[in-house]
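A look at the structure
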Amino acid sequence: MGDVSGDRLIEVLATLASPHRLRVLAALTSGRAYVSQLARDLGISRALLQVHLKKLEKAGLVTAHLELSEDGKALKYYEVSPFSLHLTPDVMAVAVTTLSNAGDGEADPKGNS
């Protein structure tokens, strides 16, 4: 991930702050999988898995593509996108300088909106 902006760092860390999404990434490190197979392997519903896969995809941590099976069914396969995240205090200090103020969720100490 190299030089990462503060907003990007927050997006990636927020995405990774879920046990389900960490399990999905771990499962996909052994190779690509389609949704039904992955849901069975992880023991979660396809609907819940889809929610987590969409968040991982939006953050750029997984990619998806459709393929036709031998019997003509469209299967959406997911795989991990290569990434490396090396966090140090210096990296975070640089990332903070690029943070936008939008959506930080911090309350204004003076009560202003």
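Residues numbered from 1 in each chain as written. Predicted model: local features only at pLDDT ≥ 70, side-chain atom pairs only at ≥ 80, totals over all residues. Heavy atoms only, no water.

Things to note about the overall build of the chain
Broken down by element type, the chain carries 5 helices and 3 strands. For the chain, the sequential pattern of α-helices and β-strands runs α-α-β-α-α-β-β-α. Buried residues in the chain amount to 25% of all 113 residues. Long-range pairs, those at least 24 residues apart, make up 54% of the contacts in the chain between residues at least 6 apart in sequence. Working note: accessible area of the chain is about 7,600 Å², and carbon and sulfur atoms make up 55% of it. (Helix = DSSP H or I, 4+ residues; strand = E, 2+ residues; numbered from the N terminus. Buried < 20%, exposed > 50% of the residue type's maximum accessible area, 1.4 Å probe, protein only. Contact = heavy atoms within 4.5 Å. Areas by Shrake-Rupley, 256 points an atom, 1.4 Å probe, with all protein chains shown as cover.)

What about the packing of aromatic side chains?
Within this structure, the stated rule accounts for 1 aromatic pair. Measuring from ring centre to ring centre gives 5.6 Å for Tyr34 and Tyr77, while their planes differ by 75°; the resulting arrangement is edge-to-face. Of this pair, Tyr34 sits in strand 1 (residues 33–34) while Tyr77 sits in strand 3 (residues 74–80), and the two are 43 residues apart along the sequence. Note on Tyr34: relative accessible area 22%, which makes it partly exposed. Sitting over the ring of Tyr77, Arg32 keeps its end group 4.0 Å from the ring centre. (Phe/Tyr/Trp six-rings, centres within 6.5 Å; stacked < 30°, edge-to-face > 60°. Lys NZ or Arg CZ within 6 Å of the ring centre and 35° of its normal.)

A word on the packing of helix 2 (residues 19–28) against helix 4 (residues 46–58)
As a packed pair, helix 2 and helix 4 sit with axes 10 Å apart at the nearest point and diverge in direction by 80°. As summarised for this structure, helix 2 and helix 4 are arranged roughly perpendicular, according to the angle between their axes. Counting all contacts with helix 2, which are made through His20, Arg21, Val24 and Leu25, the residues of helix 4 involved are Leu48, Leu49, His52, Leu53, Lys55 and Leu56. Here the residues of the contact of helix 2 with helix 4 are counted per class, giving 6 nonpolar, 2 polar and 2 charged. (Axes fitted to C-alpha atoms, helices over the stretch in contact; angles between N-to-C directions. Parallel < 35°, antiparallel > 145°, perpendicular 65-115°, else oblique. Nonpolar A, V, L, I, M, F, W, Y, C, P; charged D, E, K, R; others polar.)

Section: the packing of helix 3 (residues 35–42) against helix 4
At a minimum axis distance of 9 Å, the contact between helix 3 and helix 4 shows a crossing angle of 105°. Relative to helix 4, helix 3 is oriented roughly perpendicular. Residues Val35, Ser36, Leu38, Ala39 and Leu42 of helix 3 form the contact with helix 4, whose own contacting residues are Arg46, Leu49, Gln50 and Leu53. In terms of residue class, the contact of helix 3 with helix 4 is made up of 6 nonpolar, 2 polar and 1 charged.

Considering the pairing of strand 2 (residues 62–68)
In terms of strand pairing, strand 2 meets strand 3 through 7 bridges, oriented antiparallel. Bridging across to strand 3, His65 finds its partner in Tyr77. (Pairing = 2+ DSSP bridges.)

Focus: the pattern of salt bridges
If you walk through the whole model with that rule in mind, you get 2 salt bridges. Here Arg8 ties to Glu11 by a salt bridge, and the two come within 3.1 Å at their closest N and O atoms. Pair noted here: Arg8 and Glu11 are both in helix 1 (residues 6–16), with a separation of 3 residues, about one helical turn. For Arg8, a relative accessible area of 25% corresponds to the partly exposed category. Salt-bridge contacts for Glu67 lead to Arg32; the nearest nitrogen and oxygen are separated by 2.5 Å. Of this pair, Glu67 sits in strand 2 while Arg32 is found in the loop between helix 2 and strand 1, placing the two residues 35 residues apart along the sequence. According to the relative accessible area criterion, Glu67 is partly exposed, its value standing at 28%. Among the residues examined, Arg32 registers a relative accessible area of 36% and is labelled partly exposed. (Salt bridge = Lys/Arg side-chain N within 4 Å of Asp/Glu carboxyl O.)

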